[in-house]
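Secondary and tertiary structure notes
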Amino acid sequence: MKITKILFILLISMGCKAQNIVPVEDLSMYQDEEYEDFHDGKYFKDVNGKLSKFYGHWRATTSDGKVVDFYITPYVMSDNFTNGTYDKLRIRYTIKNQSGNILADTTDLPDENSYVIRGGFFGPNKVTYQIYYQGLEARCGQNGNIFLAVIGLESTQMKYYYSVAGSIYGSNCPPGGVDQVMPMEQLTFIKDPIDVFED
C-alpha cells in the first residue's frame, strides 16, 4: 500500500514538472521583480526551436578586414537563486585581423571560463537574442551586450550588433580604457552549412 502511494505521488510530481515548462522566448516577460517568484521550479525550454536556429559556425568580415568566427552551441543553466532551469546559448569565437593574426580566441577554453560567452535571453520581439560579453581586457572596457538575430527563410544569415558597457576599473587601465576587439559595427554573419552543432 505504501509503495503504491509513493508511486502515485511520484507520478503526480512528474506531471507537475511537465506543466512547468515555459517557452524560452517568453523569459523576458518575467524579468521584472514582480515576476521573480515565477521562475521557481520552471524550465524555460527551447520548445519552439528559437535557439536551435543559432547553433553552428558563423562567419563575418568587418569593413577593415577582420574575420570573426562564432561557434554557437546549446547551454543549459540551472540557477540556485531563482530555482529555475534555462536553455541558453554558448559562444566561442575567434577574431583575426586582415593579415590572419589572432586577436582573440576562446575556442579551447573550458565551458565555464568567463571569457566564453554564455547565457542571454530573447527581447520582447522574441527574435533578437541579447547576451553579455566580456573580453580578455574586460576590466578595462572590453565588455557589453551582443545582440543577435537569425534572419531569412533558410536561417543562414545572422545580424549582429555590439553595445559597449565599458566600465573601467583600477589604475592599471589606460586612460579611456583599451581598444575593443569585438567588432563595433553592425555585421551579417553567414552560417557554414557543414559545421552545424545540434547538441
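Remember, it's a predicted structure, so these values are computed and weren't measured experimentally.

1. Points about the pairing of strand E9 (residues 129-134)
The side chains of a regular strand alternate between both faces of the sheet. Only one face of E9 is covered, namely the one carrying Tyr129, Ile131 and Tyr133; the face carrying Gln130, Tyr132 and Gln134 has none of its residues buried. Of the pairings in the sheet, the one linking strand E8 (residues 121-122) to E9 comprises 2 bridges and is antiparallel in character. What sits directly across from Phe122, in E9, is Tyr129. Linking E8 to E9, which pair antiparallel, is a turn of 6 residues; within it Lys126 sits at a positive phi near 60 degrees.

2. Observations regarding the confidence of the model for the protein
For the protein, mean pLDDT is 86; residues scoring 70 or higher make up 83% of the total. Mean pLDDT across the elements of the protein ranges from a minimum in helix H1 (residues 2-19), with 43, to a maximum in strand E3 (residues 56-61), with 98. Note that pLDDT drops below 50 for residues 1-19; the model gives that stretch 0 contacts with residues more than four away or on any other chain.

3. Here we look at the state of the cysteines
Going through the model one piece at a time under the given rule, you end up with 1 disulfide. A sulfur-sulfur distance of 2.0 Å marks the disulfide that ties Cys140 to Cys173. Taking the sign of the S-S torsion, -80 degrees for the link of Cys140 and Cys173, the bridge is left-handed. Here Cys140 is found in the loop between E9 and strand E10 (143-151), whereas its partner Cys173 is found in the loop between strand E11 (157-164) and strand E12 (187-191), with 33 residues between them in sequence. Exposure remark for Cys173: the relative accessible area of 13% places this residue in the buried category.

4. What to know about the pattern of salt bridges
For the structure on display, the rule yields 6 salt bridges. As a salt-bridge pair, Asp111 and Arg90 come within 3.9 Å of each other at their nearest N and O atoms. Taken as a pair, Asp111 in the loop between strand E6 (102-105) and strand E7 (117-119) and Arg90 in strand E5 (residues 84-96) lie far apart in primary sequence, 21 residues in all. When its relative accessible area of 37% is taken as the criterion, Asp111 is described as partly exposed.

5. Description of the nonpolar core
Membership of the largest hydrophobic core comes to 29 residues, with the highest contact counts inside it found for Phe70 and Met182. Looking at this core, the elements that each hand over two or more residues are E3, strand E4 (67-79), E5, E9, E10, E11 and E12. Top element by residues in this core is E5. It accounts for 4 residues. The contact partners of Met182, leaving out residues within four places of it in the chain, are Phe70, Tyr93, Ile95, Ile117, Tyr133, Ile146, Tyr160 and Tyr162. One finds Val22, Leu27, Tyr30 and Tyr86 within the second-largest nonpolar core, a separate group that totals 5 residues.

Reading the values: the criteria
Residues numbered from 1 in each chain as written. Predicted model: local features only at pLDDT ≥ 70, side-chain atom pairs only at ≥ 80, totals over all residues. Heavy atoms only, no water. Buried < 20%, exposed > 50% of the residue type's maximum accessible area, 1.4 Å probe, protein only. Helix = DSSP H or I, 4+ residues; strand = E, 2+ residues; numbered from the N terminus. Pairing = 2+ DSSP bridges. pLDDT = per-residue confidence, 0-100. Contact = heavy atoms within 4.5 Å. Disulfide = S-S within 2.5 Å. Salt bridge = Lys/Arg side-chain N within 4 Å of Asp/Glu carboxyl O. Core = buried A, V, L, I, M, F, W, Y, C linked by side-chain atoms within 4.5 Å.

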